[in-house]
Amino acid sequence: MRQKVVLITGANGEIGHGLIQHLAENTDANIVALDVTPLDKCLRPLCSTYIVGDILDQMLLGRLVVEHEIATIYHLASILSTKAEYNPETAHRINVEGTLNLLRLAVEQSQWQGQSVKFIYPSSIAAYGIPTLKDKSEAGSAKEEDWNYPTTMYGCNKLYCEHLGRYYNSHYRQLAADGGGSQTLDFRAIRFPGLISAETVPTGGTSDYGPEMLHAAAKGEEYNCFVRPDTTLPFMVMADAVKALIFLEAVPKNRLSQYVYNVTSFSLSAQEIFDIVLKAFPQANIHFAVDDNRQKIVDSWPECVDDSAARQDWDWQPDYNCERAFNKYLIPAIRRRYE
Ligand code: AKB
């Protein structure tokens with residue numbers, strides 16, 4: 001008998017860590033974890049199976065469905081915004097072709113099973129591209145459909161994959177004699193702001209200066225923040241990011257009015273993060289050393305996003321505002337971690 005499972009790609013990444021721990025503690029889901037690197041030892045006992053492999057490997061994906069009945073896919077694997085700029089074509093292959101492989105797997109599985117496989121896709125504020133700082137400060141909270149002109153390969157990939165998901169959900173093989181088959185997948189995407197976790201440090205992103213400042217201060221390491229002090233972005237702690245994924249997965253389809261939803265918790269400038277970090281770690285050795293190219297990327301992302309659709313359709317609200325995020329979760333947990 002094939003086992004009903006939840007497939008998590010990019011399982012070893014920051015969101016993967018939080019999501020696997022949450023699912024293992026709160027559900028009886030059989031987790032199949034897939035990542036190009038060997039799964040973190042602490043996550044292994046929480047999964048039914050962990051596979052070291054590439055989402056571009058069609059044979060591997062084919063073998064996966066021979067052995068498992070996939071009910072839900074959390075497709076977390078991707079190359080983030082800064083790393084993607086060093087090899088945009090490779091990033092495109094992983095971010096777009098990798099997603100396409102999983103969408104195809106999900107739609108085929110949906111047709112075999114006679115019920116929709118849920119495809120949960122983390123998109124990003126990188127899908128936005130605001131042309132000037134003046135526009136950014138006047139933009140207010142960006143709605144999902146605003147400023148969809150990303151300037152990074154990662155952002156272009158995320159925006160396009162949101163559309164691919166919509167296509168596979170609603171228009172797949174629309175000219176086939178059978179109309180593409182009655183059963184398609186159930187695609188749902190969340191546009192995340194910058195994420196901050198106490199347990200893991202991000203790699204390869206451009207919103208990473210927030211978490212990097214905090215972790216470096218707690219470790220007693222020097223840190224050069226690569227954006228200007230006035231640079232403002234929306235942020236969220238990992239626990240709320242996981243909550244959003246779980247909520248969106250669980251909501252009945254008929255309550256959803258769109259495929260892609262913004263979520264956010266609080267917006268902060270780099271100076272405000274610096275002040276919070278310095279108050280908690282007075283010995284912190286943090287300086288501002290602006291990297292003009294990375295600055296341009298962050299300048300093209302909105303200062304805050306409008307998540308009213310998520311609030312209305314699936315009762316989204318974060319558990320952590322700024323005060324609670326830093327004082328009740330991040331600072332105590334990061335202190336314990338590096339003690
Ligand atoms: C990145 O900086 O690339 C990510 C993101 C905003 O999606 N953290």
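The present account deals with the structure reproduced in this document. Everything numeric here is computed off the predicted structure, so don't read it as measured data.

The rules we used
- Residues numbered from 1 in each chain as written.
- Predicted model: local features only at pLDDT ≥ 70, side-chain atom pairs only at ≥ 80, totals over all residues.
- Heavy atoms only, no water.
- Near = heavy atom within 4 Å.
- Polar contact = N/O pair within 3.5 Å; in protein donor to acceptor, adjacent residues only side chain to side chain.
- Areas by Shrake-Rupley, 256 points an atom, 1.4 Å probe, with all protein chains shown as cover.
- 1 Å grid on protein atoms, 1.4 Å probe; cavity = no way out; pocket = protein on both sides within 12 Å on 5 of 7 lines; lining within 4 Å.
- Sits in = over half its atoms within 2 Å of the grid points.
- Points joined across faces, edges and corners; volume = space filled by probe spheres on them.
- Helix = DSSP H or I, 4+ residues; strand = E, 2+ residues; numbered from the N terminus.
- Nonpolar A, V, L, I, M, F, W, Y, C, P; charged D, E, K, R; others polar.
- Buried < 20%, exposed > 50% of the residue type's maximum accessible area, 1.4 Å probe, protein only.
- Expected span 1.5 Å × (residues − 1).
- Pairing = 2+ DSSP bridges.
- Axes fitted to C-alpha atoms, helices over the stretch in contact; angles between N-to-C directions.
- Phe/Tyr/Trp six-rings, centres within 6.5 Å; stacked < 30°, edge-to-face > 60°.
- Core = buried A, V, L, I, M, F, W, Y, C linked by side-chain atoms within 4.5 Å.
- Salt bridge = Lys/Arg side-chain N within 4 Å of Asp/Glu carboxyl O.

## Some points on the site of the ligand
- Close to the ligand lie Leu80, Ser81, Ser124, Ile125, Tyr154, Gly205, Thr206, Ser207 and Trp301, which account for all nearby residues.
- Measuring from an oxygen atom of the ligand, one finds a side-chain N or O atom of Tyr154 at 2.7 Å.
- One of the side-chain N or O atoms of Ser207 is found 2.9 Å from a nitrogen atom in the ligand.
- For the ligand, whose unbound accessible area comes to 260 Å², protein coverage reaches 92%.
- Among the detected pockets, the ligand sits in the largest pocket.

## Some remarks on the layout of surface pockets
- Roughly 1,000 Å³ of volume is contained in the largest pocket.
- At the level of secondary structure, the elements contributing two or more residues to the lining of the largest pocket comprise α1 (14-26), β2 (31-35), α3 (81-86), β5 (118-124), α6 (153-170) and β8 (194-196).
- Classifying every residue of the lining of the largest pocket by side-chain character gives 20 nonpolar, 18 polar and six charged.
- Of the volumes computed, that of the second largest pocket is approximately 300 Å³.
- Contributions of two or more residues to the lining of the second largest pocket are made by α1 and α8 (238-250).
- By residue number, the principal contributor to the lining of the second largest pocket is α1, which donates seven residues.

## Structural notes on unusual backbone geometry
- One non-glycine residue, Arg173, lies in positive phi territory at about 45°.
- Here Arg173 lies in the loop between α6 and β7 (186-192).
- With relative accessibility at 38%, the residue Arg173 sits in the partly exposed group.
- If you check the backbone angles, Asp315 has positive phi at about 55° while not being a glycine.

## Remarks on α8
- With 13 residues, α8 should cover 18 Å at 1.5 Å per step; its first-to-last C-alpha distance of 18 Å lies within 8% of that length.
- Buried within α8 are the following residues: Met238, Asp240, Ala241, Val242, Lys243, Ala244, Leu245, Leu248 and Glu249.

## Describing the sheet that holds strand β12 (residues 266-269)
- Taken in spatial order, the three strands make up an open sheet running β8-β10-β12, and their pairing is mixed. Edge positions in the open sheet fall to β8 and β12, since each of these has one partner strand only. Ignoring strand direction, the axes of neighbouring strands in this sheet form an average angle of 45°.
- Relative to strand β10 (residues 232-237), β8 runs parallel, the two sharing three bridges. What sits directly across from Ile196, in β10, is Val237.

## Here's the deal with the packing of aromatic side chains
- In the structure shown here, the tally under the stated rule is 12 aromatic pairs.
- Measuring from centroid to centroid gives 6.0 Å for Tyr121 and Phe187, while their planes differ by 35°, and the two rings are tilted. Of this pair, Tyr121 sits in strand β5 while Phe187 sits in strand β7, placing them 66 residues apart in sequence.
- Taking the relative accessible area as the measure of exposure, Tyr121 reaches 2% and is therefore buried.
- Measuring from ring centre to ring centre gives 5.7 Å for Tyr261 and Trp314, while their planes differ by 90°; the resulting arrangement is edge-to-face.

## A word on the nonpolar core
- Counting 45 residues, the largest nonpolar core has Tyr209, Met213, Leu214, Phe281 and Phe326 as the members making the most contacts within it.
- Of all the secondary structure elements, the ones that give two or more residues to this core are α7 (209-219), β9 (222-225), β10, β12, α9 (270-280), α10 (292-299) and α12 (322-338).
- For this core, the leading source of residues is α12, giving seven residues.
- Within the second largest apolar cluster, 33 residues are counted, among which are Leu19, Ile31, Phe192 and Leu256.

## Some words on the pattern of salt bridges
- Scanning the model with the defined rule gives 14 salt bridges in all.
- Arg311 is paired through a salt bridge with Asp307; the nearest N and O atoms lie 2.9 Å apart.
- Three or more residues are tied together by salt bridges with common partners; here these are Asp186, Arg188 and Lys253.

## Points about the environment of His163
- Following the sequence through the fold, His163 ends up in helix α6.
- Residues His163 and Val260 lie 97 residues apart in sequence; the distance between their C-alpha atoms is 9.3 Å.

## Side note on the pairing of β7
- Burial analysis of β7 places seven of its seven residues in the buried class, which makes it a mostly covered element.
- Alternating positions in β7 separate into two faces, Asp186, Arg188, Ile190 and Phe192 on one and Phe187, Ala189 and Arg191 on the other, with burial throughout.
- By the bridge criterion, seven bridges tie β5 to β7 in an arrangement that is parallel. Paired with Ser124 across the strands is Phe192, a residue of β7.
- Sheet topology places β7 next to strand β11 (residues 260-262); three bridges connect them, and they run parallel. Bridging from a neighbouring strand, Arg191 pairs with Asn262 of β11.

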